[in-house]
Amino acid sequence: MILGACGSSNNNKNNEGANGAQENKNFTAAMVTDEGGVDDKSFNQSAWEGLVAFGKDNNLEKGKNGYNYYQSKNEADFSTNLNAAVRDKFDIIYGVGFKLTDAIAKIADQRKDSHFVIVDSVVPDKDNVASITFKEHEGSYLVGIVAGMMTKSNKVGFVGGIESDLINKFAAGFEAGVKEVNPNATVDIQFAGTFTDSSKAQAIAAAQYSSGVDIIYHAAGGAGLGVFTEAKNLKQKDPNSEIWVIGVDRDQHPEGDVKIGDKTENITLTSMVKRVDVAVQDVTTKAKDGNFPGGQILEYGMEENGIKISDSKEHLTDDVLAKVTEYEGKIKNGDIKVPDKLK
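Let me sum up the structure you'll find in this document. (Residues numbered from 1 in each chain as written. Predicted model: local features only at pLDDT ≥ 70, side-chain atom pairs only at ≥ 80, totals over all residues. Heavy atoms only, no water.)

**Details of the pattern of salt bridges**
Stage number 1. One pass over the structure, following the stated rule, counts 19 salt bridges.
Stage number 2. Here Lys112 and Asp109 are joined by a salt bridge, their closest N and O atoms 3.8 Å apart.
Stage number 3. Since its relative accessible area comes to 57%, Lys112 is described here as exposed.
Stage number 4. Through salt bridges with shared partners, one network takes in Asp120, Glu136, Lys169 and Lys274. (Salt bridge = Lys/Arg side-chain N within 4 Å of Asp/Glu carboxyl O. Buried < 20%, exposed > 50% of the residue type's maximum accessible area, 1.4 Å probe, protein only.)

**What about helix α1 (residues 43-57)?**
Stage number 1. In a regular helix each residue adds 1.5 Å, so 15 residues correspond to 21 Å; α1 covers 22 Å between its end C-alpha atoms and thus fits that length.
Stage number 2. When you tally the buried positions in α1, you get 11 out of 15 residues, the bulk of the element.
Stage number 3. Of the residues trailing α1, Asn59 is marked for its positive phi of about 55°. (Helix = DSSP H or I, 4+ residues; strand = E, 2+ residues; numbered from the N terminus. Expected span 1.5 Å × (residues − 1).)

**Examining the packing of helix α4 (residues 136-150) against helix α5 (residues 165-181)**
Stage number 1. Orientation of α4 relative to α5, taken along the N-to-C sense of each, is 35°, at an axis distance of 6 Å. Helix-helix and strand crossings are classified by hand; for α4 and α5 the assignment is right-handed. Contacts from Glu136, His137, Ser140, Tyr141, Val143, Gly144, Ile145, Ala147, Gly148 and Met149 in α4 reach Leu166, Lys169, Phe170, Gly173, Phe174, Ala176, Gly177, Val178, Glu180 and Val181 in α5.
Stage number 2. Considering only residue class, the contact of α4 with α5 consists of 11 nonpolar, 6 polar and 3 charged. (Axes fitted to C-alpha atoms, helices over the stretch in contact; angles between N-to-C directions. Left-handed = near helix turned anticlockwise from the far one by under 90°. Contact = heavy atoms within 4.5 Å. Nonpolar A, V, L, I, M, F, W, Y, C, P; charged D, E, K, R; others polar.)

**Some remarks on helix α6 (residues 198-210)**
Stage number 1. Spanning 13 residues, α6 covers 18 Å between terminal C-alpha atoms, matching the ideal 18 Å at 1.5 Å per step.
Stage number 2. Ala201, Ile204, Ala205, Gln208 and Tyr209 are the residues of α6 that are buried. On an axial view of α6, the arc spanned by its buried residues comes to 130°, and they lie on one face.
Stage number 3. For α6, the elements touching its buried residues are β7 (155-160), β8 (186-191), β9 (215-219), α7 (225-237) and β10 (244-249).
Stage number 4. Taken from the residues just after α6, Gly212 is the one with a positive phi, measuring 110°. (Arc of directions from axis to C-beta.)

**What about the sheet that holds β7?**
Stage number 1. Read across the open sheet, the 6 strands follow the order β8-β7-β9-β10-β13-β15; overall the sheet is mixed. Taken across any chain shown, the strands that pair with only one partner, and hence form the sheet edges, are β8 and β15 (307-309). The average angle at which neighbouring strand axes cross in this sheet is 15°, direction not considered.
Stage number 2. Examined bridge by bridge, strand β13 (residues 268-274) and β15 share 3 bridges and lie antiparallel to one another. Residue pairing for β15: Met272 is matched across the bridge by Ile309.
Stage number 3. Relative to β7, α6 is tilted by about 170°, and along the sheet it contacts β7, β8, β9 and β10. (Pairing = 2+ DSSP bridges.)

**Some points on the environment of Asp340**
Stage number 1. Summarising the element assignment, Asp340 is placed in the segment after α9 (318-333).
Stage number 2. Among the residues examined, Asp340 registers a relative accessible area of 32% and is labelled partly exposed.
Stage number 3. When the C-alpha atoms of Asp340 and Val156 are compared, they prove to be 19 Å apart, with 184 residues separating the residues in sequence.
Stage number 4. When neighbours within four sequence positions are excluded, Asp340 is seen to be in contact with His137, Asn168, Lys169 and Ala172.

**Focus: the nonpolar core**
Stage number 1. The biggest cluster of nonpolar side chains holds 65 residues, and the ones touching the most others in it are Ile92, Tyr94, Ile132, Phe170, Phe174 and Tyr217.
Stage number 2. In contact with Phe174, other than residues within four places in its own chain, are Ser140, Tyr141, Val143, Gly144, Ala147, Val156, Gly157, Phe158, Val187, Tyr217 and Ile246.
Stage number 3. Judged by nonpolar contacts, the second largest core, of 20 residues, contains Ala30, Val32, Ala105 and Phe116. (Core = buried A, V, L, I, M, F, W, Y, C linked by side-chain atoms within 4.5 Å.)

**Observations regarding the pairing of β7**
Stage number 1. Where burial is concerned, most of β7 is hidden: 5 out of the 6 residues are buried.
Stage number 2. Of the pairings in the sheet, the one linking β7 to β8 comprises 6 bridges and is parallel in character. The residue of β8 that forms the bridge with Gly157 is Asp188.
Stage number 3. A crossover links β7 with its parallel partner β8, the connecting element being α5, and its sense is right-handed. (Right-handed = clockwise from strand over helix to strand, strands pointing away.)

**Concerning the side chain of Gln208**
Stage number 1. As for its position among the elements, Gln208 is in helix α6.
Stage number 2. Dropping the residues within four chain positions of it, Gln208 is found in contact with Gly157, Phe158, Val159, Asp188, Gln190, Val213 and Ile216.

**Notes on the side chain of Thr28**
Stage number 1. Mapping Thr28 onto the fold places it in the loop between β1 (2-5) and β2 (29-32).
Stage number 2. Beyond its immediate chain neighbours, meaning those up to four positions away, Thr28 contacts Lys64, Asn65, Gly66, Lys89, Phe90, Asp91 and Ile92.

**Quick word on the packing of aromatic side chains**
Stage number 1. Tallied over the full model, the rule gives 11 aromatic pairs.
Stage number 2. Taking 5.5 Å as the distance between ring centres and 50° as the angle between the ring planes, the aromatic pair formed by Trp48 and Tyr67 counts as tilted. Remark: Tyr67 occurs in strand β3 (residues 67-70) and Trp48 occurs in helix α1; sequence separation between them is 19 residues.
Stage number 3. Under the relative-accessibility criterion, Trp48 is labelled buried at 13%.
Stage number 4. Given a relative accessible area of 9%, Tyr67 falls into the buried group.
Stage number 5. For the pair Phe174 and Tyr217, a centre-to-centre distance of 4.9 Å together with 50° between the ring planes defines the contact as tilted. With Phe174 in helix α5 and Tyr217 in strand β9, this pair connects stretches of sequence that are 43 residues apart. One exposure class covers both Phe174 and Tyr217, and it is buried.
Stage number 6. Ring pairs connect the aromatic residues Phe158, Phe174, Phe191 and Tyr217, which therefore count as one cluster. (Phe/Tyr/Trp six-rings, centres within 6.5 Å; stacked < 30°, edge-to-face > 60°.)

Note that all results are geometric; they support no functional claim without further evidence.
Written out as structure tokens, the structure is:
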């Protein structure tokens, strides 16, 4: 869904160079990660999977003549990596994560002939920047429904990364979903202040589980792996404990595997899947076809296959799945407006 547009439509630079003779040139695409890295098993990795899928669809190889990524270790790397991608003449360049907003805005002004996309934020009023956003609050509402129905202690937790408008969308939707089906449940909302330091998220998870929380939903990127670590440690100490993690961005079912004796159990209850890969593949294809959505804000929700709960449903009962389906319909029909801000 396109929410707004002030962009350009004369974006066919991939088909013509200064002499108009590049019709056979590959359409190339690159992404700059935030500090989480391309293998964070979350947001950056999903974006990279979108570029890889685009590459396969178009018979491209990883590298300057196809698709590639530039990994950022800290915020100082953002501008450096964006400029490197420009110098390598990629036709479309993604900045993955809201922390790259300022760097994208600055470099876009300096490199007006290059096309940029900011993921999870908005850079307004620039014809050479497209903005991708998601309805995270709606997907978080659905996993909140799951948590509210399946908690046995009536205590659930939320561990966010860096507190921001974006992460508050996850928390607000989750809390609303829990309360919709279980008004007696409490939701402990905390922020790790990082997307990379898993030890901080693990410490919060340890405190929440020890307080009686039995389900934690994380929206903390790579740091959120610390929540899985704590839950698995507790499960190994007490195999009879019923504690769960709700994953984010990708289906994080594999992160929940825990070895207990000679058996492998799993503590991932479900995941709120944010299809960054779908959005990246979609926008890259648009740009390749000469329809780069410069100046536009593209919002991906359930109808665009941009938001869903994971397909790993082994832990969910039939009544829970039915309730999720019911509320998916209510959201799509407009019967429910999910809050995107914490009260």
